[in-house]
Number of protein chains: 2
Amino acid sequence: MSENQNIRVAVDAIVFGYQNNQLYVLLIQQKFGTNDSYWALPGGLVQIDESLEDAVKRELKEETNISVNYFEQLFTFGDDVFRDPRNRVISVAYFALVDSSKLKVKADSDAENAQWFKIDEVPALAFDHTIILRKAMQRLKAKLTYEPIGFDLLPKEFLFSELENLYCTILEKEIDRRNFRKKILSFEIIEETDHFSPIKSGRPAKLFKFNKQKYNALLKKGFHFEIKFA
Amino acid sequence: MSENQNIRVAVDAIVFGYQNNQLYVLLIQQKFGTNDSYWALPGGLVQIDESLEDAVKRELKEETNISVNYFEQLFTFGDDVFRDPRNRVISVAYFALVDSSKLKVKADSDAENAQWFKIDEVPALAFDHTIILRKAMQRLKAKLTYEPIGFDLLPKEFLFSELENLYCTILEKEIDRRNFRKKILSFEIIEETDHFSPIKSGRPAKLFKFNKQKYNALLKKGFHFEIKFA
DNA sequence: TATATTTGTGTAAATCTTACGCATTTAGAA
DNA sequence: TTCTAAATGCGTAAGATTTACACAAATATA
C-alpha cells in the first residue's frame, strides 16, 4: 500500500443562524495575499492529534469565535481530483446551528473577517463550498421536519409565531398557523413560560421553551417528531 | 499550516445482503501475517488520483468481486486519535446493498477471504468496524422506512411476502400483511408481472417488480415514500 | 375429498389531518 | 372613549389515513 499517499484532511463548518424571518450562514474571508479574496466556509486542516470534531470547534473558535447549539457531521467531500493531485485535500463538512443571540457578536477576537450572509445573498464561494452549502441546506430542510432542531435556531424563549415563521421561511411552504400550533403542542415537548414578549401590535403572546429532557425521555419510548406540510 | 499533516485516508464498505429472512453483511479476512487474523469490512487506502467513490468500488472489486445495487456515503470515522498518531487513518464509510443473487458468488477472483455473515453472527471486527457496522444498521433501518431501498435487497422480481418479511426482519416489527400490501400498492411504484413463483405450499403468488422510472417521476411531483409501523 | 397453507380483496371503526370560524387582547387612530 | 387593525388562542366539522379484522380463492398433500 502506498505509504506516501499524501492526501490532506480538512474540516469545514456550515453554520446557520436565523433572525427576522431570514436564514443566515456564517462565512469567512480567505486572505489570498492581496485582493483576490474569496468568501469561504470556516474551516481548515485537521491537526494530527485532534479529533475531527475538535478540529471544527477549534477552527470555529479561531476564525469566528462562535460556539454552536447544534452540531453534526454532514458529508465528506473529496472527489475533486481535478485540482492539483499533488495537493489533494478532502474535506469533512459539519453542519451547525446557532441562535440569534450569536448573530451580532462578531468582532470579538481575530474573527474580524467573519460575516453573516443572508442565505439568498451568499456570494460566489471558494473551492467546492457552494456545493457543500447546497447539501447543508438540504439537510437543514429535511431535518427540520423530523427532528426538533428548529429550536436551536431560536432564542431559549420564543413565540409560537417565530417558530411558525421559521418553518415557513426555511421550508418555503405555507402553514396553517392553528394546525401547526396544535401539532407542536400535541408533542408535549415545549412549555409555556410566565413571560410575555414585547410586541409590535396585536394580542400579547406567551413565550415558550423547548424541554429537551422531556424530548429525550419520549424518544426512548419510541416517540417520533414529525412536521408535515400539504 | 502544517505541511506534514500525514493523516491517511481510507474507505470502507458496509455491504448488506438479504436471503431467506436473514440479513447478511459482507466481511473480509485481514491477513496480519500469521494466525492473528481479524474479520473486517472491505476497504483500503484511497489512491491519490481516484475519487472516494472510485476507491470503494475498486476495493470491493479487488477484495470481494462484487458490484452493488445501491451505494451511498455513510459517515467519516476519524476520531480514534488514540492509536499511534504517527499512523493516523480516517475512514470514509460507504453503505451498500446487493440482492440475493450476489450472495452465493464468492470464490471468483482473489476474493477468497470474503464471506457473508448473518447479521447476528458477526464476529469481533478489526479497528472500529463494529461501531461502523452499528451505524450502518441504523441507516438501513431508517432509510427502509422513507426510501424504497428494500427492493435493492431483493431479486428483480419478488413476492409480496418476501418484501413484507424483509421489512419485518430488518425492522424487527410486526406488520399486518394486508395493510402492508395495500400501502405499498397505493404508491403505484411496483407492478405485477405475468410470472408466478415456484412455491412450497398455498395459493401461488404473483411476482412483482419495482418500477424505478415511475418512482423517480413521482419524486419530482413531490411524492414521498413512507412505511410506518405501530 | 378433506385439510393445511398462503394469497388476494374488502370493510368498518378509530385516529389523524385539514380547513376553517371566531372570541380575545393589545396598540393606535378617530 | 370608541373603533379598528393586528395578532393570539381555542374549537369543531369534514375529509383522509391507518388499523384491525373477516373471509374467499388457489394450490399441495394427506
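Summary of the structure given here. Everything numeric in this text was worked out from a predicted model, so none of it was measured. (Residues numbered from 1 in each chain as written. Chains lettered and ligands numbered in written order. Predicted model: local features only at pLDDT ≥ 70, side-chain atom pairs only at ≥ 80, totals over all residues. Heavy atoms only, no water.)

### Thoughts on the relation of the copies chain A and chain B
To go from the first copy of the chain to the second, apply a rotation about an axis and then a shift along the same axis. Put simply, the rule is: We place the copies in one frame by least squares, fitting the C-alpha atoms of every residue whose pLDDT is at least 70 in both. Contacts are assigned to residue pairs that have any heavy atoms within 4.5 Å of one another.
Between chain A and chain B, the superposition needs a rotation of 180° and an axial shift of 0.1 Å, giving an RMSD of 0.0 Å. Expressed as a symmetry operation, the mapping of one chain copy onto the other fits a two-fold axis. Most of the interface of chain A is mirrored in chain B, where 100% of its interface residues again form contacts.

### What about the protein's contact with DNA strand C?
Condition: Near, as used in this document, describes a residue that has one of its heavy atoms within 4 Å of the molecule or strand being considered. We call two N or O atoms a polar contact when they sit within 3.5 Å, provided that within protein one can donate a hydrogen and the other can accept it, with sequence-adjacent residues counted only if both atoms are side-chain atoms. Secondary structure follows DSSP: runs of H or I at least 4 residues long count as helices, runs of E at least 2 residues long count as strands, and numbering of each begins at the N terminus. Classification convention: Asp, Glu, Lys, Arg as charged; Ala, Val, Leu, Ile, Met, Phe, Trp, Tyr, Cys, Pro as nonpolar; all other residues, Gly among them, as polar.
Surrounding DNA strand C, one finds 19 residues, the nearest of these being R178(A), N179(A), S161(B), R181(B) and K182(B). Among all atoms of DNA strand C positioned within 4 Å of the protein, those belonging to sugar or phosphate total 48%. Within the contact set of DNA strand C, a base oxygen lies 3.0 Å away from a side-chain nitrogen or oxygen of R203(A). Of all the secondary structure elements, the ones that give two or more residues to the surface near DNA strand C are α4 (177-187) of chain A together with α5 (177-187) of chain B. Per-class residue counts for the surface near DNA strand C are 3 nonpolar, 5 polar and 11 charged.

### A short note on the interface of chain A and chain B
Operational definition: Once two parts are brought into contact, the accessible area they lose, counted with a 1.4 Å probe and summed over both, makes up the buried area. Whenever Lys or Arg places a side-chain nitrogen within 4 Å of a carboxyl oxygen from Asp or Glu, that contact is recorded as a salt bridge.
With 29 residues of chain A at the interface, the matching set in chain B holds 29 residues. Overall, the association of chain A and chain B removes approximately 2600 Å² of surface from exposure, summing both partners, and the carbon and sulfur fraction of that is 53%. Contact with chain B buries surface across chain A, with Q5(A), I48(A) and Q73(A) losing the most and accounting together for 24% of the total. Seen at the junction of chain A and chain B, the total is 0 salt bridges.

### Quick notes on the protein's contact with DNA strand D
In the vicinity of DNA strand D, 19 residues are found, and the nearest of them are S161(A), R178(A), R181(A), K182(A) and R178(B). A share of 49% is what sugar and phosphate atoms reach among the atoms of DNA strand D within 4 Å of the protein. S161(A) places a polar side-chain atom, nitrogen or oxygen, 2.7 Å from a phosphate oxygen of DNA strand D. S201(A) places a side-chain nitrogen or oxygen 3.3 Å from a sugar or linking oxygen of DNA strand D. Those elements that provide at least two residues to the surface near DNA strand D are α4 of chain A together with α5 of chain B. Split into classes, the residues belonging to the surface near DNA strand D amount to 3 nonpolar, 5 polar and 11 charged.

### Section: the packing of helix α3 (residues 129-146) of chain B against helix α4 (residues 160-171) of chain B
Two quantities define a packed helix pair, namely the angle between the axes and the distance from one axis to the other. Residues and elements named next belong to chain B. The condition is simple: Here an angle of 0 to 180 degrees is reported between the N-to-C directions of two axes, which are lines fitted to C-alpha atoms, with helices fitted over the stretch in contact. Any angle from 65 to 115 degrees is called roughly perpendicular, while one under 35 is roughly parallel, one over 145 is roughly antiparallel, and all others are oblique. Each helix crossing is assigned a hand: it is left-handed if the near helix lies turned anticlockwise from the far helix by less than a right angle, otherwise right-handed if that turn is clockwise.
The interhelical angle for the contact between α3 and α4, taken along N-to-C directions, is 140°, at an axis separation of 10 Å. Comparing the axis directions of α3 and α4 gives the class oblique. The hand of the α3/α4 crossing is left-handed. The residues of α4 that touch α3, namely those facing L140, K141, L144 and T145, are L166, Y167, I170 and L171.

### As for the packing of aromatic side chains
Residue and element names in this part refer to chain B. Quick reminder of the rule: Any two rings among Phe, Tyr and Trp, with Trp reduced to its six-membered ring, count as a pair given centres within 6.5 Å; such a pair is stacked if its planes are under 30 degrees apart, edge-to-face if over 60, and tilted if neither. When accessible area is computed with a 1.4 Å probe and restricted to protein chains, residues below 20% of their type maximum are described as buried, those above 50% as exposed, and intermediate ones as partly exposed.
Per the stated rule, a full pass over the model turns up 26 aromatic pairs over all chains. Summarising the aromatic geometry, the rings of F16 and F95 are spaced 5.8 Å apart at their centres and angled 65° between planes, so their arrangement reads as edge-to-face. On the criterion of sequence distance, the pair formed by F16 in strand β1 (residues 8-19) and F95 in strand β6 (residues 89-97) is long-range, its members being 79 residues apart. By relative accessible area, F16 is classed as buried at 0%.

### Digging into the sheet that holds strand β8 (residues 157-158) of chain B
Residues and elements named next belong to chain B. Here is the rule we go by: Note on pairing: DSSP must find at least two bridges between two strands before they are called paired.
Spatially, 3 strands are ordered β8-β10-β9 in an open sheet, and the strand pairing comes out antiparallel. Two strands lie at the open edges of the sheet, namely β8 and β9 (190-196), each paired on one side alone. One ladder, built from 2 bridges, connects β8 with strand β10 (residues 206-210); its direction is antiparallel. By the bridge assignment for β10, E157 is matched with K209.

### Looking at the environment of G44(B)
All names here are of chain B. Within the secondary structure, G44 is located in strand β4 (residues 43-45). In this structure G44 comes out as buried when scored by relative accessible area, which is 9%. Residues G44 and R58 lie 14 residues apart in sequence; the distance between their C-alpha atoms is 9.4 Å. Filtering out sequence-adjacent residues up to four positions away, G44 remains in contact with A10, V11 and E59.

### What to know about the side chain of D99(B)
All names here are of chain B. As for its placement among the helices and strands, D99 is situated in the loop between β6 and α2 (101-104). Judged by its relative accessible area of 11%, D99 is buried. Of note is the side chain of D99, whose polar atom sits 2.6 Å from the side chain of S101. Look past the residues within four positions of D99 in its chain and what remains in contact with it is N69, D152, L153, L154 and P155.

### Details of the sheet that holds strand β8 (residues 157-158) of chain A
Across a sheet, strands are paired by hydrogen bonds formed along the backbone, either parallel or antiparallel in direction. With respect to topology, 3 strands assemble into an open sheet ordered β8-β10-β9 (chain A), the strand pairing being antiparallel. A strand with exactly one partner marks an edge of an open sheet, and here the two such strands are β8 and β9 (190-196) of chain A.

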